[in-house]
Amino acid sequence: MNDYPLIPTDPGALDAEMIAAYEALTGAVVRPGSPEMLFIKWVEGIVLQERALANYAVSQNLPSRAEGEHLDALGELFGVQPRPEAKAAACTGRFSISEAQSTAVLIPAGTRVTDAGKVLIWATEADAYVPIGETYVDLPLRCQTPGTVGNGYAAGQLNTLVDLYDYCAGCANITETGGGSDAATDAEYYALLRASMDAYSCAGARGSYIYWAKQVSTEIADVVANAPSAGSVKLYVLMEDGTPAGTEVKKAVMAACSADEVRPLTDLVSVEDPETVSYNITFTYYLQDGDARSAAELAAAVEEAVAAYTSWQSAKLGRDINPSRLIGMLMQAGVKRVVLTAPVFTALRDGGDGTVPQVAQRGAVTITNGGYESE
């Protein structure tokens, strides 16, 4: 972040000021390389450093430029929620016993589970029982390592017990792990500070629901809140990787936006999935004859442009599928021209009118190198 320029730090301007002041005081002419000039340059360096420190100190009083603990302190000053800390991923695990029993079988709090590679440890958070006559119970599992590292384990991958219990026969997660997030960066926390202006009372306004939903995870990229009917509020959550929120994130958003101190009593809140609209990418690109870069370098640049376009296209709910954006990125990558077959422009719903918002999801990609062409 740039410091707030309260005090000028242009070396040329300060140099001229100090030379003029010295000559006015002494009546001597300051020449390049003279002892007087060397002394002035020495003093000038100290003055510039102090001015830079003063500008930095001032900038830390502005939320748009504050960093680290300074930004946290401003959040406290404005009465905003603390910076979101790293959160551990969660899932639902099924704990089985060998056969039904005539008494309930305890699964103690803290019973640990891991994957076959023993990369991460997961644990139950409260005592629970396999009911009489049943052979399993489903329990919440929480990763013991906070952050996004615990996300994305498919159902069945957490299948190794660390701690045994009576009559144990095995365990496995029955939902994909999700909801883990890293601590908010300065930029993410500043965005929350700005969004908090909509949340002074409760989550009655559209912006308030968005604010409380985004508090759940720094991995949430976009939220749409709408009311398809009176008293009904539907939330649609999109993650940073361009995919709709998974089960664990949706549960967390539901809990955050349904709290008594957040939700108006007249609102019936639900968290729904946006509609995905698939698109393919098919094009032929041509290179400029005599280009200094190799064909391999240009091919890599084309691949990077496609990846960047894919991320941009799926970064926001309701963002229209825009082939012009892809062509522009490919031209910036250094190709001579592009013959694009797919995608075609497609307008997507943003959910602002109470409908289900849509999000673009990339399908097949076919890239053809058409070779070199002269000017």
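Refer to the structure printed above.
Residues numbered from 1 in each chain as written. Predicted model: local features only at pLDDT ≥ 70, side-chain atom pairs only at ≥ 80, totals over all residues. Heavy atoms only, no water.

Engineer: What's the story with the overall build of the chain in this structure? I'm lost.
Structural biologist: Looking only at helices and strands, the chain features 8 helices and 14 strands. Relative to the globule expectation of 21 Å for 375 residues, the C-alpha radius of gyration of the chain, 29 Å, shows a markedly less compact shape. Overall, the C-alpha framework of the chain stretches about 105 × 60 × 50 Å when taken along its three principal axes. The buried share of the chain, reckoned over its 375 residues, is 38%. The long-range share in the chain, meaning contacts at least 24 apart out of those at least 6 apart in sequence, stands at 68%. Looking at the chain as shown, the accessible area adds up to about 19,500 Å², and 54% of this sits on carbon and sulfur atoms. (Helix = DSSP H or I, 4+ residues; strand = E, 2+ residues; numbered from the N terminus. Rg over C-alpha atoms; globule rule 2.2 N^0.38 Å. Buried < 20%, exposed > 50% of the residue type's maximum accessible area, 1.4 Å probe, protein only. Contact = heavy atoms within 4.5 Å. Areas by Shrake-Rupley, 256 points an atom, 1.4 Å probe, with all protein chains shown as cover.)

Engineer: Would you mind showing me how to read the pattern of salt bridges here?
Structural biologist: A side chain with one charge may pair with a side chain of the opposite charge, provided their charged atoms come close. The final tally for this structure, using the stated rule, is 12 salt bridges. Of the charged contacts, one joins Glu-373 and Arg-337 as a salt bridge, the two residues approaching to 2.8 Å between their closest N and O atoms. One end of the pair, Glu-373, is in strand 14 (residues 358-373); the other, Arg-337, is in strand 13 (residues 337-342), with 36 residues separating them in the sequence. Salt bridges here are not isolated pairs; linked through shared partners, they connect Asp-72, Arg-83 and Asp-186. (Salt bridge = Lys/Arg side-chain N within 4 Å of Asp/Glu carboxyl O.)

Engineer: How should the packing of helix 3 (residues 68-77) against helix 4 (residues 186-195) be read in this particular structure?
Structural biologist: What describes two packed helices is the angle between their axes and the distance between those same axes. Two elements in contact, helix 3 and helix 4, have axes whose closest approach is 11 Å; the angle formed by their N-to-C orientations is 15 degrees. Classified by the angle their axes make, helix 3 and helix 4 are roughly parallel. The two elements helix 3 and helix 4 meet at a crossing, and its hand is left-handed. From helix 3, Gly-68, Leu-71, Asp-72 and Gly-75 reach across to helix 4, where they touch Asp-186, Tyr-189, Tyr-190 and Leu-193. Here the contact of helix 3 with helix 4 is built from residues that sort into 4 nonpolar, 2 polar and 2 charged. (Axes fitted to C-alpha atoms, helices over the stretch in contact; angles between N-to-C directions. Parallel < 35°, antiparallel > 145°, perpendicular 65-115°, else oblique. Left-handed = near helix turned anticlockwise from the far one by under 90°. Nonpolar A, V, L, I, M, F, W, Y, C, P; charged D, E, K, R; others polar.)

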